[in-house]
Amino acid sequence: MQYGLVLYSYWRSSASYRVRIALNLKGLPYAIRPVHLVREGGEQHLPAYRALNPQELVPVLKDGERVIRQSLAIVEYLEEAYEGETKLLPVAARDRARVRALAQIVACDIHPLGNLRVLQYLDREFNVPQVEREQWMRHWIAAGFDALEKLLADNPCTGRFCEADTPGYADLCLVPQVYNAQRWGLSLEPYPTIRRIHDACMQLDAFQRARPEAQPDAPRPE
């Protein structure tokens, strides 16, 4: 089957995870083109992929001849270019500003400090042991989650999801970061609102199909 939308993705990339959720929420058919970020030094560094994205990062979305980079730019492109089944952003300007701010706490403040290339740099240049890298990850995720929990818990706009009772832009950033928190052993006990929203999201097929373990390039049990 031919798809107009092609997503260059890595199964455990939280930025790719965001876009997979967005595509699923919009009900848009798409093909996955796996890019292995670790094997043989990382396929993102190969010349063919570097020509597609000079940053050597995932995700990248191709829509026909159009190439869109950066996960949040891709999500907003999908929202503006396709009607789809779900609106990812609210109608009111102040509500859009709120969910963008929530999303950017994850995408701009938490995620960059725990990106694979950052951890590889800490290891390569400073020989930071694994236990210290894990502490680094937990520290920065907790710092962001402390703020997110307060902003979500104290705002009447928070409903079943980050914004009212429809999943959208902030949720598709939150859920992958919860996955990362669990992966790095951060306790979610201090974050009841985050846990509640995450659990509500994971009851939905759009989020389940986007899970890292559900991806075609995820390792399979032998």
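Owing to the predicted nature of the structure, the values given are computational and were not obtained by experimental measurement.

## Observations concerning the domain arrangement of the chain
Domain boundaries assigned for the chain yield domain 1 (5-86) and domain 2 (93-207). A straight line from the C-alpha centre of domain 1 to that of domain 2 covers 20 Å. Each partner contributes residues to the interface: domain 1 has 18 residues there, and domain 2 has 20 residues. Note on domain 1 versus domain 2: buried area summed over both sides is about 1,800 Å², and carbon and sulfur give 65% of it. The largest contributions to the domain 1 side of the interface with domain 2 come from Y17, R18 and L72, which together make up 32% of the buried area. For the interface between domain 1 and domain 2, the tally reads one salt bridge. The salt bridge involving R100 is made with E76; its shortest N-O contact spans 3.1 Å. The interface formed by domain 1 and domain 2 holds five residue pairs in polar contact (both at pLDDT 80 or more) in total. Counting only elements with at least two residues in the side of domain 1 that touches domain 2, the list comes to helix 1 (14-26) and helix 3 (71-81).

## Side note on the state of the cysteines
Any covalent bond linking the sulfur atoms of two cysteines counts as a disulfide. In total, this model carries zero disulfides according to the counting rule given. The cysteine C173 is free of any disulfide, with C108 supplying the nearest cysteine sulfur at 8.6 Å. Owing to a relative accessible area of 1%, C173 belongs among the buried residues under this scheme. Residue C201 stays outside any disulfide, its sulfur separated by 6.6 Å from that of C162, the closest cysteine. A relative accessible area of 0% means that C201 is categorised as buried.

## Examining helix 3
Judged by how many residues are buried, helix 3 sits mostly within the fold: eight of eleven residues are covered. Against strand 1 (5-9), helix 1, strand 3 (60-63), strand 4 (66-69), helix 4 (93-110) and helix 7 (169-183) lie the buried residues of helix 3.

The rules behind each value
Residues numbered from 1 in each chain as written. Predicted model: local features only at pLDDT ≥ 70, side-chain atom pairs only at ≥ 80, totals over all residues. Heavy atoms only, no water. Domains from an automatic or database assignment. Contact = heavy atoms within 4.5 Å. Buried area = accessible area lost by both parts, 1.4 Å probe. Salt bridge = Lys/Arg side-chain N within 4 Å of Asp/Glu carboxyl O. Polar contact = N/O pair within 3.5 Å; in protein donor to acceptor, adjacent residues only side chain to side chain. Helix = DSSP H or I, 4+ residues; strand = E, 2+ residues; numbered from the N terminus. Disulfide = S-S within 2.5 Å. Buried < 20%, exposed > 50% of the residue type's maximum accessible area, 1.4 Å probe, protein only.

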